[in-house]
Amino acid sequence: MEWLKSPWPWYVAGPLIGLITPAFLLLGNKTFGISSSLRDICAACFPSGIELFKYNWRERTWNLVFVAGIVIGAFLSSQILSDGSPVAISDSTKSELMALGISDFHGLAPVELFSWPNLLTAKGFIFIILGGFLVGFGTRYAGGCTSGHTMFGLSYFQMASLVASISFFVGGLIMTHFLFDFLF
Amino acid sequence: MKNIRYLFLGIVFGVILTKAEVISWFRIQEMFRFQSIHMYGIIGSAVVVGAVLVFIIRRLSLKTIDGETVTLPAKRMDKGVVIGGTIFGLGWALTGACPGPLYALVGSGTTVMIVGLASALLGTWTYGALQKKLPH
């Protein structure tokens, strides 16, 4: 049980994640893509006569069931499969983040940015609310996210998915190496 | 009830994402700063394993467990992939989460991410509302 409770190394987790795409195909000819669940929820709850949300979302209930499973799996994992150790990031990352003012390295995300008391501070607004908005807006604009494009699309060599994956990365680099200077 | 299989798959995926710390803002920062193999190893090996198995599925024309033919839709390629992809990347570095981890963070106890998830829904809705006016 000890190995289950300690964080899993990349060479265990990566190949396991690689099984998800073929599992979707073989379980019911379904496509792996999590950002599309955001579209499905919009279509189900507030379609507002918008073209993008005019389709029968009920035929895609399986995707909503899948993301509900993610929430449950993460809950179970944090409750029974966690030893509570801090994320073992490299020393160089740690010192660079400390230079930005991050001091609490417990948990999966820094409480200075991701906690209820900090939600309505400038940082909380930018990292949680603006960040979330950009994720939802950008993934739909790009036609997919890390799962739909990088995991699924690349597995059958879609040019769009290669371009998308590179763009995701470019955006992340711009934020981390240029825009973070203005945010901290 | 046929959807139970996707609930199970989601649970498995949620466990893996959490145990591999893919949902950690710290890990995403480490990745964008090129300071560990962790995230590159995960994404790289996942893509390779996925591609090999999808290749086998196509080569052997494997059917689904219900006997259906497996089909792979072509992904739309336009300017939106680049513009939207970059916008998502900005948000990925801010939240430290792509859509899967947004859900997983809520489950794993970073409950404030419910707000991040709601904001992502608003982002998707806003894209839908503006779709025709945006360059594609």
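Just above sits the structure.
Note that the structure is predicted; figures quoted are calculated from it, not measured.

Conventions used here
Residues numbered from 1 in each chain as written. Chains lettered and ligands numbered in written order. Predicted model: local features only at pLDDT ≥ 70, side-chain atom pairs only at ≥ 80, totals over all residues. Heavy atoms only, no water. Helix = DSSP H or I, 4+ residues; strand = E, 2+ residues; numbered from the N terminus. Contact = heavy atoms within 4.5 Å. Areas by Shrake-Rupley, 256 points an atom, 1.4 Å probe, with all protein chains shown as cover. Lys, Arg positive; Asp, Glu negative; His and termini not counted. Charge placed at Lys NZ, Arg CZ, Asp CG, Glu CD. Buried < 20%, exposed > 50% of the residue type's maximum accessible area, 1.4 Å probe, protein only. Phe/Tyr/Trp six-rings, centres within 6.5 Å; stacked < 30°, edge-to-face > 60°. Axes fitted to C-alpha atoms, helices over the stretch in contact; angles between N-to-C directions. Parallel < 35°, antiparallel > 145°, perpendicular 65-115°, else oblique. Left-handed = near helix turned anticlockwise from the far one by under 90°. Nonpolar A, V, L, I, M, F, W, Y, C, P; charged D, E, K, R; others polar.

J.: Give a detailed account of the overall build of chain B, specifying residues and quantitative values.
T.: Secondary structure assignment for chain B yields 6 helices and 0 strands. The C-alpha extent of chain B, read off along each of the three principal axes, is 40 × 40 × 35 Å. In chain B, the proportion of contacts linking residues at least 24 apart, taken out of those at least 6 apart, comes to 44%. Accessible surface, chain B: about 5400 Å² in total, of which carbon and sulfur atoms supply 70%. Where the 13 positive side-chain charges of chain B centre and where its 5 negative ones centre are 7 Å apart.

J.: I'd like to hear about the overall build of chain A, residue by residue, with values.
T.: Assigned secondary structure in chain A consists of 9 helices and 0 strands. Put simply, chain A runs from its N terminus to its C terminus through helices and strands in the order α-α-α-α-α-α-α-α-α. Across its three principal axes, chain A shows a C-alpha extent of roughly 50 × 45 × 35 Å. For chain A, buried positions account for 51% of its 184 residues.

J.: How would you summarise the environment of Lys2(B) if you had to cite specific residues and measurements?
T.: Residue and element names in this part refer to chain B. Topologically, lysine 2 is positioned in the segment before α1 (4-19). Note on lysine 2: relative accessible area 52%, which makes it exposed. Separated by 20 residues in the primary sequence, lysine 2 and valine 22 have C-alpha atoms spaced 29 Å apart.

J.: A description of unusual backbone geometry should follow, citing residues and the corresponding values.
T.: Most peptide bonds take the trans configuration, and most residues that are not glycine carry a negative phi. All names here are of chain A. Positive phi values are uncommon outside glycine, yet asparagine 29 reaches one of about 55°. Summarising the element assignment, asparagine 29 is placed in the loop between α3 (20-28) and α4 (35-45). Judged by relative accessible area, which is 17%, asparagine 29 ranks as buried.

J.: I'd like a description of the packing of aromatic side chains, backed by residues and values.
T.: Tallied over the full model, the rule gives 30 aromatic pairs over all chains. For the ring pair Phe24(A) and Phe32(A), a centre distance of 5.4 Å and an interplane angle of 20° mean the geometry is stacked. Comparing Phe24(A) with Phe32(A), the two get one shared label, buried. A centroid spacing of 5.7 Å and a plane angle of 5° characterise the contact between Phe88(B) and Trp92(B), whose relative ring orientation is stacked. In this pair, Phe88(B) and Trp92(B) both sit in helix α4 (residues 79-95), 4 residues apart, roughly one turn of the helix. In this pair, the class of Phe88(B) matches that of Trp92(B), namely buried.

J.: For the packing of helix α5 (residues 99-108) of chain B against helix α6 (residues 113-130) of chain B, give the residues involved together with the corresponding values.
T.: Residue and element names in this part refer to chain B. At a minimum axis distance of 8 Å, the contact between α5 and α6 shows a crossing angle of 150°. Considering their axes alone, α5 and α6 lie roughly antiparallel with respect to each other. Here α5 runs over α6; the crossing is left-handed. Contacts between α5 and α6 involve Leu102, Tyr103, Leu105 and Val106 on the former and, on the latter, Met113, Ile114, Gly116, Leu117 and Ala120. Partitioning the contact of α5 with α6 into residue classes produces 8 nonpolar, 1 polar and no charged.

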